[in-house]
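Single-letter residue listing:
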Amino acid sequence: MDIVIEAAVEAAGELLSAAIDAVVDKAVKHKSEYKSEYRRKHTMAIKSLIINPGSTSTKIGVFEDENLLFEETLRHSTEEISKYDTIFEQKDFRKKIITDLLAEKNCDLKSFNVIVGRGGLLKPIPSGTYAVTDDLLEDLKVGVQGQHASNLGGILAREIGDEIGVPSYIVDPVVVDELMPIARYSGLEEIPRGSIFHALNQKAVAKRYAKGKPYESLRLVVVHMGGGVSVGAHEDGKVVDVFSAFDGDGAFSPERAGGVPCAALVKMCFSGKYTEKEISAKLIGKGGLNSYLGTNDMREVTKRANEGDAKAAEVKQAFLLQVAKDIGAMACVLNGKVDQIVITGGIAYGEDVVAKLKERCGWIAPVTVYPGEDELLALAQGALRVMNGEEQVKQY
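The paragraphs below set out a description of the structure included in this document. (Residues numbered from 1 in each chain as written. Predicted model: local features only at pLDDT ≥ 70, side-chain atom pairs only at ≥ 80, totals over all residues. Heavy atoms only, no water.)

1. Re the overall build of the protein
Then, in step 1: Along the backbone of the protein there are 13 helices and 11 strands.
Then, in step 2: Buried positions account for 45% of the 396 residues belonging to the protein.
Then, in step 3: Accessible surface computed for the protein: about 20,800 Å², of which carbon and sulfur atoms make up 54%. (Helix = DSSP H or I, 4+ residues; strand = E, 2+ residues; numbered from the N terminus. Buried < 20%, exposed > 50% of the residue type's maximum accessible area, 1.4 Å probe, protein only. Areas by Shrake-Rupley, 256 points an atom, 1.4 Å probe, with all protein chains shown as cover.)

Dropping the structure here:
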């Protein structure tokens, strides 16, 4: 009998302990949520300096929380850039023009709470906001997946952040890779499909559309149309498949050839007429609209088409057909269960472009359009989610 009583007492103790733990966990959770909400409502605004380097420009923005105080695009001539043999050697030149501008605007460098840079060609990583650690910094310097001006974003953020004693981050670089395993198969064992795309803007507009709902609960096809085109399938908060804008995958774009017939490309490569560099330039830079019409400006293509240029009209329709096919393919990745098609990028300003895509793809799901690409705000928002405790900062 004593054994039975002892067992009963022990069981009751365990139940009481579990109940106490549950109450404590709930209290801690509520306390954390309350603190986060209190911090958002009652603390000073978080001031951020955003740095987005491009090949011939450096865009900077100054924000308080999500409010833009000012932005500037600092343009660099070919003569200025050509003085430097490597991307990394441009660091001091670009840093000086940033600090000079801030001084001109009477913006004290020490007033910033965080410095955020555009992420570059790092190793493949999941989506998120990353601290610019020593390892990440080194990979930006050497360019583990190539040299690109965007590599300077994290480098400049870290140097300026260290100088004033505040954190430095990058957000959703182009190398975000969340592909499901079966999406990596290309048809050749030696050449897996990769994920280099407009991750920053795709993630930003997906979360913008999801406002009020968990992004992770939605199944979206997101279409970015700018100098490059990327179309991604978003499921469970991840881009599980994407037509990679960088690697010659999917639709052609203003400057990129997209997926071209392999056999014909092989013959071109071994024709003896072109160097490797020239072939690469044909695929990325001189491909797409540039190849067919000698311009990378869709507005110019539309103007020509409206003035009766039959080739311009046909090339534009071919572009839209290829983008629509990519949307359809990504809808299949999601088993046809698509909550929304989200269209973004500079080309999305064209009402006729959007109308044609809706005509071809509107049967799949409703279409939402966020024209342009507000990368500075997207970078600021990524840092804010960490600074406000809504997300954990990630380590490279």
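Next, the rest of the story.
2. A short note on the pattern of salt bridges
Here the idea is simple: oppositely charged side chains can pair when their charged atoms come close.
Then, in step 1: Tallied over the full model, the rule gives 21 salt bridges.
Then, in step 2: Residues lysine 95 and glutamate 159 are paired through a salt bridge, measuring 3.0 Å at the closest nitrogen-oxygen approach. With lysine 95 in helix H3 (residues 91-104) and glutamate 159 in helix H5 (residues 151-164), this pair connects stretches of sequence that are 64 residues apart.
Then, in step 3: Residue glutamate 159 is classed as partly exposed on the basis of its relative accessible area of 24%.
Then, in step 4: Connected through salt bridges with shared partners, the residues Lys91, Asp92, Lys95, Glu159 and Glu163 form a single ionic network. (Salt bridge = Lys/Arg side-chain N within 4 Å of Asp/Glu carboxyl O.)

3. Quick look at the environment of alanine 183
Then, in step 1: With respect to the helices and strands, the residue alanine 183 is situated in the loop between strand E6 (168-171) and helix H6 (199-209).
Then, in step 2: The sequence separation of alanine 183 and valine 240 amounts to 57 residues, and the corresponding C-alpha distance is 7.5 Å.

4. Re the side chain of lysine 91
Then, in step 1: By the secondary structure assignment, lysine 91 is in helix H3.
Then, in step 2: Setting aside its immediate chain neighbours within four residues, lysine 91 contacts Leu152, Ile155, Leu156 and Glu159. (Contact = heavy atoms within 4.5 Å.)

5. Remarks on the pairing of strand E2 (residues 57-64)
Then, in step 1: Most of E2 sits inside the fold, with six of its eight residues counted as buried.
Then, in step 2: Bridge count for strand E1 (residues 47-53) against E2 is seven bridges, and the pairing is antiparallel. Across the sheet, the residue bridging to asparagine 52 is lysine 59, located in E2.
Then, in step 3: Two successive antiparallel strands, E1 and E2, enclose a turn made up of three residues.
Then, in step 4: Taking the residues between adjacent antiparallel strands as the criterion, E2 and strand E3 (residues 67-75) are bridged by two residues, where aspartate 65 takes a positive phi near 55°. (Pairing = 2+ DSSP bridges.)

6. Brief notes about the sheet that holds E1
Then, in step 1: Overall, mixed pairing links the six strands, which are arranged E3-E2-E1-E4-E6-E5 in an open sheet. One side of each edge strand has no neighbouring strand; the edge strands of this open sheet are E3 and strand E5 (129-131). Each adjacent strand pair in this sheet contributes to an overall mean axis angle of 25°, direction not counted.
Then, in step 2: Bridge count between E1 and strand E4 (residues 114-118): four bridges; the pairing is parallel. When the sheet's bridge partners are listed, serine 48 is paired in E4 with valine 114. (Axes fitted to C-alpha atoms, helices over the stretch in contact; angles between N-to-C directions.)

7. Things to note about the nonpolar core
Nonpolar side chains in soluble globular proteins generally cluster together in the buried interior.
Then, in step 1: One finds Met225, Ile327 and Ile341 to be the most contacted residues of the largest nonpolar core, which totals 35 residues.
Then, in step 2: Of all the secondary-structure elements, those providing two or more residues to this core are strand E7 (219-225), strand E8 (229-235), strand E9 (238-243), helix H9 (289-293), helix H10 (298-306), helix H11 (310-333), strand E10 (340-345) and helix H12 (351-361).
Then, in step 3: In terms of residue count, H11 provides more of this core than any other element does, nine residues in total.
Then, in step 4: If we skip the residues at most four places from it in the chain, isoleucine 341 touches Val221, Val223, Ile327, Cys361, Ile364, Ala365, Pro366, Val367 and Thr368.
Then, in step 5: One finds Ile60, Leu102, Phe112 and Leu122 within the second-largest nonpolar core, a separate group that totals 33 residues. (Core = buried A, V, L, I, M, F, W, Y, C linked by side-chain atoms within 4.5 Å.)

8. Comments concerning the pairing of E10
Then, in step 1: Burial analysis of E10 places six of its six residues in the buried class, the great majority of the element.
Then, in step 2: Neither face of E10 is open: one carries Gln340, Val342 and Thr344, the other Ile341, Ile343 and Gly345, and all of them are buried.
Then, in step 3: Both E7 and E10 contribute to a ladder of five bridges, which runs parallel. The residue bridging histidine 224 from the neighbouring strand is threonine 344, located in E10.
Then, in step 4: Summarising the sheet, E10 and strand E11 (residues 367-371) pair through five bridges and their orientation is parallel.

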